[in-house]
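Chain by chain, the residues run as shown.
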Amino acid sequence: MVRVFINGYGNIGRRLAAVLSSDKEVQFIGIAKYTADDKTKDAMDNGFDIYVPDWMVNQFKEKGYDITGVISQAISGSDLVVDAAKEGGGYDNKKKLYEPMNKAAIFQGGEDRHGERSVADMIHNSRVNYAKAAGKAYVIQGSCNVSGMGRIMQPLIENFGDRIRRYDVTLIRRWADLEDSKDVKDSIEWDKNPHHQDDVRDFIPASNLYVDAYKVPSRMMHLHQMVIRFNGKAPSKDQIIETFRNEFGVAILNSARGTAAIRKKAMDLGFRHGDTNMVHIHQEVLRVQDDTIKISYSDDQTGMVIPENHLLMQSMILDRPRDEAIKRTDRIFQMTKKRRILEEEFK
Ligand SMILES: NC(=O)c1ccc[n+]([C@@H]2O[C@H](COP(=O)([O-])OP(=O)(O)OC[C@H]3O[C@@H](n4cnc5c(N)ncnc54)[C@H](OP(=O)(O)O)[C@@H]3O)[C@@H](O)[C@H]2O)c1
C-alpha cells in the first residue's frame, strides 16, 4: 500500500482525493486545507482526514471544522505527496516540506520546469515518457493542454514521424473552471509567452512545434487546433482517424456542436464531476489540404490530468509496466467505456 497525501483541495486536489481515497492500492492519508471555508465541509462530508497549517488549527476549530492534524505531520506519515497547490505554490512546499522530510512528490502543470523555481527535472506524459518517471523523487504532471498535445502528437509521430515537418497549435483556453467563483471576463486575451511549447518539448524534444494561446470567456473545456505540415502530400483523413481509433483517452466525435455540449452530456450521463478525462477529436472539422492536416480537438481541462496523475503514481512508486498501469487506471476511471458512450452520443 502506498501512503498518499494530497496537498491542496482545489479543482484538481478534490478530484484526486475522490479517486485516490477509493483506490485499494492506496492508503489515503488525507487532504490539506489552507483556508477555513466551506470546502472544508465538503472534505468532511467526503470522509477525508483534513490537515491544516499549524498556525491555522484554532481558526478551523473555531468554525467547527473537524481537523485531524497539521500538514507536516501528514506528510511525514506519507510515501508520496501529490501537490495540488495553486500555480507556483509547489516550489515553496518542496523547499519547506518535501525535501527536508525526504518525501517524493508529484507536482501539477502550473509549476516551473526550468529556472529558479523549477520543481523537477521532467514533465510526465503517460503516452510518451511513462517509464522514465520510475523511481524519481519529483516529477511534474504536464498541464491539461500539454497532456492533450502529447496525446495527439505521439501517435502521429509513431505513424508518420519522418514525414512531419512542423506543428502549429492554437490553444483556445477556457477562462475559468465550472467550480471557480471568479467572473468570466468578456474579452479575448492573448498570451505573450505560452509555456506549453517548451513543456511539450520537454518530453518530445525533436518536435518542431509552435504554440499560440488565447483565453476566451468560457468555462467549458479548451479547444486546440493543431495544424500539421508534411513533406509532400499529407495522409488521408481515414488514415488519421485510424491512427486514433484505439488510443487510450482519445474519443472521436462527429456531431458535437461545441465544448459545452460535451460537458453537459458528461454531466447528464452522470460522469463523476462531469469529467470525460480525455481529448475529443472533432472528426467533422478534421481537414486535409495538400500537405497540411488540421485537427481540432477539445480537452477536458479539469478531468484530463487526474488519470495522468494516477498513472504517474504507478510509474514513480510502483514501477509498474505501462500496459498494466493503463488497465488499472481504466478500471478506475472507466475511460474506455466513457469513450464508447460519447462516441455513440455524438456519432
Ligand atoms: N483547473 C484546471 O483545469 C487544471 C488543469 C490542469 C492542471 N492544473 C494545475 O493544477 C494546479 C492546481 O490547480 P487548481 O485549478 O486545482 O487550483 P485551485 O482550484 O485554485 O486550488 C488551489 C488550491 O491550493 C490550495 N493551497 C493554498 N496554499 C497552498 C499551499 N501552500 N500548498 C498546497 N495547496 C495550497 C488552496 O487551498 P485553500 O482553498 O484551502 O486555500 C486551493 O484549494 C495548478 O498547478 C494548475 O495549473 C489545473
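Before going into details, it helps to say that this report is about the structure given with it. Predicted model, so just to flag it, every value in this text is computed and none were measured.

Procedures and definitions
- Residues numbered from 1 in each chain as written.
- Predicted model: local features only at pLDDT ≥ 70, side-chain atom pairs only at ≥ 80, totals over all residues.
- Heavy atoms only, no water.
- Helix = DSSP H or I, 4+ residues; strand = E, 2+ residues; numbered from the N terminus.
- Near = heavy atom within 4 Å.
- Polar contact = N/O pair within 3.5 Å; in protein donor to acceptor, adjacent residues only side chain to side chain.
- Areas by Shrake-Rupley, 256 points an atom, 1.4 Å probe, with all protein chains shown as cover.
- Nonpolar A, V, L, I, M, F, W, Y, C, P; charged D, E, K, R; others polar.
- Pairing = 2+ DSSP bridges.
- Salt bridge = Lys/Arg side-chain N within 4 Å of Asp/Glu carboxyl O.
- Buried < 20%, exposed > 50% of the residue type's maximum accessible area, 1.4 Å probe, protein only.
- Phe/Tyr/Trp six-rings, centres within 6.5 Å; stacked < 30°, edge-to-face > 60°.
- 1 Å grid on protein atoms, 1.4 Å probe; cavity = no way out; pocket = protein on both sides within 12 Å on 5 of 7 lines; lining within 4 Å.
- Points joined across faces, edges and corners; volume = space filled by probe spheres on them.
- Contact = heavy atoms within 4.5 Å.
- Axes fitted to C-alpha atoms, helices over the stretch in contact; angles between N-to-C directions.
- Core = buried A, V, L, I, M, F, W, Y, C linked by side-chain atoms within 4.5 Å.
- Parallel < 35°, antiparallel > 145°, perpendicular 65-115°, else oblique.
- Left-handed = near helix turned anticlockwise from the far one by under 90°.

**Digging into unusual backbone geometry**
Here is step 1: Here Asn277, not a glycine, exhibits a phi torsion of approximately 65 degrees, which is positive.
Here is step 2: Its location among the elements puts Asn277 in the loop between helix H9 (259-268) and strand S14 (279-282).
Here is step 3: With phi around 55 degrees, Gln334 is a residue other than glycine that occupies positive phi space.

**A short note on the site of the ligand**
Here is step 1: In the vicinity of the ligand, 22 residues are found, and the nearest of them are Ile12, Lys33, Tyr34, Thr35 and Asp177.
Here is step 2: In the model, an oxygen atom of the ligand is placed 2.5 Å from a nitrogen or oxygen of the Thr35 side chain.
Here is step 3: Between an oxygen atom of the ligand and a side-chain N or O atom of Glu87, the distance comes to 3.4 Å.
Here is step 4: In isolation the ligand exposes 890 Å². Once the protein is present, 84% of that is buried.
Here is step 5: Of the residues forming the shell around the ligand, the biggest block, three residues, is contributed by helix H10 (residues 301-316).
Here is step 6: For the shell around the ligand, a count of residues per class yields seven nonpolar, ten polar and five charged.

**Observations regarding the pairing of strand S12 (residues 222-230)**
Here is step 1: In the sheet, strand S9 (residues 164-174) pairs with S12 via eight bridges, with the strands oriented antiparallel. Among the inter-strand pairings, Arg166 is bridged to a residue of S12, identified as Arg229.
Here is step 2: Bridge count for S12 against strand S16 (residues 292-299) is eight bridges, and the pairing is antiparallel. Opposite His222, over in S16, you have Asp299 as the bridge partner.

**Some remarks on the pattern of salt bridges**
Here is step 1: Considering all chains together, one arrives at 28 salt bridges under this definition.
Here is step 2: A salt bridge links Arg263 to Asp275; its shortest N-O distance comes to 4.0 Å. Residue Arg263 is found in helix H9, and its partner Asp275 is found in the loop between H9 and S14; the two are separated by twelve residues along the sequence. Judged on exposure class, the residue Arg263 and its partner Asp275 are both buried.
Here is step 3: A single network of salt bridges, built from pairs that share partners, joins Arg14, Arg15, Glu179, Arg263, Asp275 and Asp300.

**Notes on the packing of aromatic side chains**
Here is step 1: Taken as a whole, this structure holds seven aromatic pairs when the rule is applied.
Here is step 2: Ring centres 5.5 Å apart and planes at 70 degrees place the aromatic pair Phe28 and Phe48 in the edge-to-face group. Placement of Phe28 in strand S2 (residues 26-32) and of Phe48 in the loop between helix H2 (38-45) and strand S3 (50-52) is noted, with a sequence separation of 20 residues between them.
Here is step 3: When the ring of Phe107 is compared with that of Tyr138, the centres are 6.2 Å apart and the planes differ by 40 degrees; the resulting orientation is tilted.

**Describing empty space enclosed by the protein**
Here is step 1: Taken as a whole and assessed by the stated rule, the structure comprises one cavity of 30 Å³ or more.
Here is step 2: In this structure, the largest cavity occupies an estimated 40 Å³ of space.
Here is step 3: Lining the largest cavity, in full, are Ser126, Arg127, Arg151, Phe248, Glu308 and Arg322.
Here is step 4: Its residues assigned to classes, the lining of the largest cavity shows one nonpolar, one polar and four charged.

**Quick notes on the sheet that holds strand S6 (residues 104-107)**
Here is step 1: Read from one edge of the open sheet, eight strands run S4-S3-S2-S1-S5-S6-S8-S7, paired in parallel fashion. At either margin of the open sheet sits one strand with a lone partner, and together these are strand S4 (69-70) and strand S7 (123-124).
Here is step 2: Examined bridge by bridge, S2 and S3 share two bridges and lie parallel to one another. Bridge pairing in S3 links Ala32 to Tyr51.
Here is step 3: Here helix H1 (residues 11-20) sits on the sheet and contacts strand S1 (2-7), S2 and strand S5 (80-83); the angle it forms with S1, its principal contact strand, is near 160 degrees.

**Regarding the nonpolar core**
Here is step 1: Ranked by internal contacts, the top residues of the largest apolar core, which has 93 residues, are Ile152 and Ile295.
Here is step 2: Membership of the second largest hydrophobic core comes to ten residues, among which are Met221, Ala251, Ile262 and Phe271.

**Notes on the side chain of Arg263**
Here is step 1: Look at Arg263 and you get buried, because its relative accessible area is 2%.
Here is step 2: The contacts of Arg263, once residues within four sequence positions are left out, are Leu178, Met220, Met221, Gly274, Asp275, Thr276, Asp300, Gln301 and Thr302.

**Some points on the packing of H1 against H10**
Here is step 1: Closest axis-to-axis distance for the H1/H10 pair is 10 Å, and the angle between their directions is 50 degrees. Regarding the angle of H1 to H10, the classification is oblique. Between H1 and H10 lies a crossing of right-handed hand. Residues Asn11, Ile12, Arg15, Leu16, Val19 and Leu20 of H1 pack against Thr302, Val305, Ile306, Asn309, His310 and Met313 of H10.
Here is step 2: Across the contact of H1 with H10, the residue classes tally to seven nonpolar, four polar and one charged.

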